[in-house]
Amino acid sequence: VFSQVTRFVGPESVGSGDGMTAANAADFLNTNFWTDVQLLLQTQPVTVKFIAGIYSRAYTEKRLYLNQKGHAKNQLVLEGDLNNTIFTAPTGYETSAVMVWIYNSRNITVKNFSFTGNGSVNYVLRVTSGQGGVTRDILIENCRWEDMRRIIYGASGTAQSTTSYVTYKNCTFKRIGLNSGSHMIYNAYDSHHISIIDSHFEDCT
């Protein structure tokens, strides 16, 4: 499925910040922007391009929280600039619960994101559901988690019985974890139909 609409976000807003072009990228943490994306999804697929940059505010300020996003027929694609869209967890901050959280959402692809940094974090990218919601049909593709030695629970992971059909494809996990409780992908609490395809795992505590 090819998206009919493309929008742009950056580590901070640039230009007009309306998200219509890369030169006017919206702030990736702008909740109004994501509300507008969800409205567009009612009639057409949408790709949100994350321009090159350091997205450390997902750790230092607030998580990227995608709650009740997506559409059964019209796919939402979150696409980074390969190797240049970098979510970092810097040191010197209190433990973050999660940096990117997909919750009660469906039919979403996340691709070409990189995650790194030794800041303390429970989960870096988490896919869950709850409160009567459902999360399903999530593809995480061409993403990298590297050199994150203070991950407490998981670089990524899924949870709850209403979370299903989550696929990790061509992903890389290297040098992950604080101790024996740390996971590269922590799937728990009855999540099901989790697929891991053509992915690389190296040096997890």
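Residues numbered from 1 in each chain as written. Predicted model: local features only at pLDDT ≥ 70, side-chain atom pairs only at ≥ 80, totals over all residues. Heavy atoms only, no water.

Undergrad: Account for the overall build of the protein, with residues named and values stated.
TA: Looking only at helices and strands, the protein has two helices and 19 strands in total. The C-alpha atoms of the protein give 16 Å as radius of gyration, which agrees with the globular expectation for 205 residues (17 Å, within 12%). When each of the 205 residues of the protein is scored for burial, the buried share is 52%. Taking the contacts inside the protein whose residues are at least 6 apart along the sequence as the reference set, 82% of them involve residues at least 24 apart. If the 17 positive side-chain charges of the protein are averaged to one point and the 16 negative ones to another, these points end up 4 Å apart. (Helix = DSSP H or I, 4+ residues; strand = E, 2+ residues; numbered from the N terminus. Rg over C-alpha atoms; globule rule 2.2 N^0.38 Å. Buried < 20%, exposed > 50% of the residue type's maximum accessible area, 1.4 Å probe, protein only. Contact = heavy atoms within 4.5 Å. Lys, Arg positive; Asp, Glu negative; His and termini not counted. Charge placed at Lys NZ, Arg CZ, Asp CG, Glu CD.)

Undergrad: Describe the pattern of salt bridges, listing the residues and the values that go with them.
TA: Counted by the stated rule, this structure contains eight salt bridges. A salt bridge links Asp137 to Arg136; the nearest nitrogen and oxygen atoms lie 3.0 Å apart. Asp203 is the salt-bridge partner of Arg149, the closest N and O atoms lying 2.6 Å from each other. With Arg149 in the loop between strand S13 (144–148) and strand S14 (151–159) and Asp203 in strand S19 (residues 200–204), this pair connects stretches of sequence that are 54 residues apart. Given a relative accessible area of 43%, Asp203 falls into the partly exposed group. Within the structure, one salt-bridge network assembled from shared partners comprises Asp27, Arg57 and Glu61. (Salt bridge = Lys/Arg side-chain N within 4 Å of Asp/Glu carboxyl O.)

Undergrad: How would you sum up the environment of Glu202? Please name residues and give values.
TA: Looking at where Glu202 falls in the secondary structure, it is placed in strand S19. On the accessibility criterion, Glu202 (32% relative accessible area) is partly exposed. Residues Glu202 and Phe33 lie 169 residues apart in sequence; the distance between their C-alpha atoms is 37 Å. For Glu202, the residues in contact, after removing those within four places along its chain, are Phe173, Lys174, Arg175 and Met184. For Glu202, the side chain forms a polar contact with the side chain of His200, separated by 2.9 Å. (Polar contact = N/O pair within 3.5 Å; in protein donor to acceptor, adjacent residues only side chain to side chain.)

Undergrad: Lay out the pairing of strand S8 (residues 96–103) in plain terms, naming residues and giving numbers.
TA: Counted residue by residue, S8 has seven buried out of eight residues, so it is predominantly covered. Pairing geometry for strand S5 (residues 64–67) and S8, over four bridges, is parallel. Bridge pairing in S8 places Tyr65 opposite Trp101. Pairing geometry for S8 and strand S11 (residues 121–128), over six bridges, is parallel. By the bridge assignment for S11, Val100 is matched with Leu125. (Pairing = 2+ DSSP bridges.)

Undergrad: With reference to specific residues and values, describe the sheet that holds strand S17 (residues 183–188).
TA: Taken in spatial order, the five strands make up an open sheet running S5-S8-S11-S14-S17, and their pairing is parallel. The outermost strands of the open sheet, each flanked by one partner alone, are S5 and S17. Neighbouring strand axes in the sheet, compared pairwise and without regard to direction, differ in orientation by 20° on average. (Axes fitted to C-alpha atoms, helices over the stretch in contact; angles between N-to-C directions.)

Undergrad: Describe helix H1 (residues 31–41), naming the residues involved and giving the relevant values.
TA: Looking only at H1, the buried set comprises Phe33, Trp34, Val37, Gln38 and Leu41. The arc that holds every buried residue of H1, seen down its axis, measures 140°, which confines them to one face. Pointing more than 90 degrees away from the buried face of H1 are the exposed residues Asn32 and Leu39. Against strand S1 (5–10), strand S2 (26–27), strand S3 (46–50), S5 and strand S6 (76–80) lie the buried residues of H1. Regarding H1, its N-cap is Asn30, as a side-chain oxygen of that residue lies 2.8 Å from the backbone nitrogen of Asn32 further along. (Arc of directions from axis to C-beta.)

Undergrad: I'd like to hear about the sheet that holds strand S7 (residues 85–88), residue by residue, with values.
TA: Taken together, the six strands give an open sheet; going across it, the order is S4-S7-S10-S13-S16-S19, and neighbouring strands pair in parallel fashion. Unpaired on one side and paired on the other, strand S4 (53–54) and S19 mark the two borders of the sheet. For S4 and S7, the ladder comprises two bridges, and the chain directions are parallel. Its bridge partner lying in S7, Gly53 is registered against Thr85.

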